[in-house]
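Descriptive structure summary
Single-letter residue listing:
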Amino acid sequence: MSATVIQGKAFAARLRDRIGDHAHAFEAKTGRKAGLAVVLVGQDPASQVYVRSKAKATVEAGMGSFEFELPADTSEATLLARVAELNANPDVDGILVQLPLPNGLDELKVISAIDPDKDVDGFHVINAGRLCVGQKGFVPCTPLGCLMLLKDLLGDLSGKEAVVIGRSNIVGRPMAQLLVDADTTVTIAHSKTRNLPDVVRRGDIVIAAVGQPEMVRGSWIKPGATVLDVGINRVEAEDGKTRLVGDVAFDEAREVAGAITPVPGGVGPMTIAVLLRNTIVSAYRREGLELAKDAL
Ligand code: NDP
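Scope of this entry: the structure provided in the associated data block. None of the values given here were measured: they were computed from a predicted structure.

Let's shift gears to the nonpolar core. If you look at the biggest cluster of nonpolar residues, it comprises 56 residues, and the most contacted ones within it are Leu179, Ile207 and Ile280. Considering every element that reaches this core, the biggest residue donor is helix H10 (residues 268-286), with 10 residues. If we ignore the near neighbours within four places in the chain, the residues touching Ile207 are Leu150, Val163, Val164, Ile165, Met175, Leu179, Leu228 and Val230. Grouped together as the second largest cluster of nonpolar side chains are 18 residues, Val163, Ile165, Ala189 and Ala225 included.

This is how it looks when you write it as structure tokens:
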């Protein structure tokens, strides 16, 4: 039987609508818009597309967007000075420096310069630490978006076996932490994992965040499992053009899984929606205002 296809795009649209309501309420209460600043260094075409769509979504949600496009040869000192300015700007609630940075700029140093309480990407080591010890902070957008989709679909995750493939700081590790916090039993797989198909077959929940086109085959999936495909890989199509595929062989996996996200239109749209969510959460926190616990 064919799996339920998880409609991440529609879920993200509903989340953005709720964020918009809170953004308008925030402006009515404070007389200012919640603000997100996005800094892009260089002209990487994929990054330009991301940054512009983030800015557009920010404005559509009724928030203020501060955009900075700096040349590729920007010095580290100039970039750090820009971050310091944004840290000090009271109208800015969230700061995002688009990665990857051009060669010569130290990503860790730049991310570490962002005020952790404006780090809506959740990449600052303070926020990674807060997530590990269960303190309030910012959680990276993609894994938090995955958790939202899982809870919406499955409700209580307690006791389930979860397999996360990938251990990056932006997806795999925070995803595993969130799943532990949701009372699942988590296995983290990576490039040195032995017998990966057998490991993946344990999962009631499988999160693929690898960056290898269609690596996870249908035969690796436990029947009825929920599969979230984080991968975004551009491959050549038969007509000579290119198309996007995930890390999971979708057509095979959907014949075995209980539910699965498509690529595109699954996990991807959640990332920007959660970025906006983190920004409005930051704005409420910074103004000392209450945002109902399960509002977003
Ligand atoms: P990274 O390259 O940082 O990490 C990839 C992880 O996959 C590593 O832990 C690596 O293991 C593991 N891995 C690589 N090859 C294999 C293999 N053959 N078998 C098992 N594990 C393997 O990638 P990211 O986490 O940043 O991104 C992963 C994917 O998700 C990419 O396709 C990216 O484009 C996409 N992405 C999508 C987002 C969205 O909005 N939907 C947001 C962010 C990322 P090891 O640690 O041993 O090297």
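Bringing the side chain of Glu76 into the picture now. By secondary structure assignment, the location of Glu76 is in helix H3 (residues 76-88). Once residues within four sequence positions are removed from consideration, Glu76 is found in contact with Gly104, Leu105, Asp106 and Lys109.

Of all residues adjacent to the ligand, which total 21 residues, the nearest are Arg167, Ser168, Ser191, Ile232 and Thr271. Within the backbone of Val230, a nitrogen or oxygen atom sits 3.5 Å from a nitrogen atom of the ligand. Interatomic distance of 3.1 Å between a backbone N/O atom of Ile232 and an oxygen atom of the ligand. Protein contact buries 69% of the 930 Å² of open area that the ligand shows by itself. Of the residues assigned to the shell around the ligand, the class counts are nine nonpolar, 11 polar and one charged.

Overall, parallel pairing links the six strands, which are arranged E1-E11-E8-E7-E5-E6 in an open sheet. With one partner strand each, in any of the chains shown, strand E1 (4-5) and strand E6 (185-189) form the two edges of the open sheet. Sheet topology note: the strand E8 (residues 226-229)/strand E11 (residues 259-260) ladder contains two bridges and is parallel. The partner of Val227 across the bridge, within E11, is Ile260.

Further remarks concern unusual backbone geometry. Each neighbour pair has its own omega, and for Leu99 with Pro100 the value is 0 degrees, a cis peptide bond. Along the chain, Pro100 turns up in the loop between strand E4 (94-97) and helix H4 (107-113). A cis amide bond, omega 0 degrees, links Val263 with the succeeding residue Pro264. Assignment of secondary structure puts Pro264 in the loop between E11 and H10. Located in the positive-phi region is Asp183, a residue other than glycine, with phi close to 70 degrees. One non-glycine residue, Asn195, lies in positive phi territory at about 50 degrees. The residue Asn195 is located in the loop between E6 and helix H8 (196-200) in this model.

Summed over all chains, the structure comprises 13 salt bridges. Between Glu60 and Lys56 there is a salt bridge; the shortest N-O distance is 3.4 Å. Of this pair, Glu60 and Lys56 both sit in helix H2 (residues 45-60), four residues apart, which is roughly one turn of the helix. Overall, the relative accessible area of 56% leaves Lys56 in the exposed class. The salt bridge involving Lys109 is made with Glu76; its shortest N-O contact spans 3.0 Å. Of this pair, Lys109 sits in helix H4 while Glu76 sits in helix H3, and the two are 33 residues apart along the sequence. Given a relative accessible area of 43%, Lys109 falls into the partly exposed group.

Calculation notes
- Residues numbered from 1 in each chain as written.
- Predicted model: local features only at pLDDT ≥ 70, side-chain atom pairs only at ≥ 80, totals over all residues.
- Heavy atoms only, no water.
- Core = buried A, V, L, I, M, F, W, Y, C linked by side-chain atoms within 4.5 Å.
- Buried < 20%, exposed > 50% of the residue type's maximum accessible area, 1.4 Å probe, protein only.
- Helix = DSSP H or I, 4+ residues; strand = E, 2+ residues; numbered from the N terminus.
- Contact = heavy atoms within 4.5 Å.
- Near = heavy atom within 4 Å.
- Polar contact = N/O pair within 3.5 Å; in protein donor to acceptor, adjacent residues only side chain to side chain.
- Areas by Shrake-Rupley, 256 points an atom, 1.4 Å probe, with all protein chains shown as cover.
- Nonpolar A, V, L, I, M, F, W, Y, C, P; charged D, E, K, R; others polar.
- Pairing = 2+ DSSP bridges.
- Salt bridge = Lys/Arg side-chain N within 4 Å of Asp/Glu carboxyl O.

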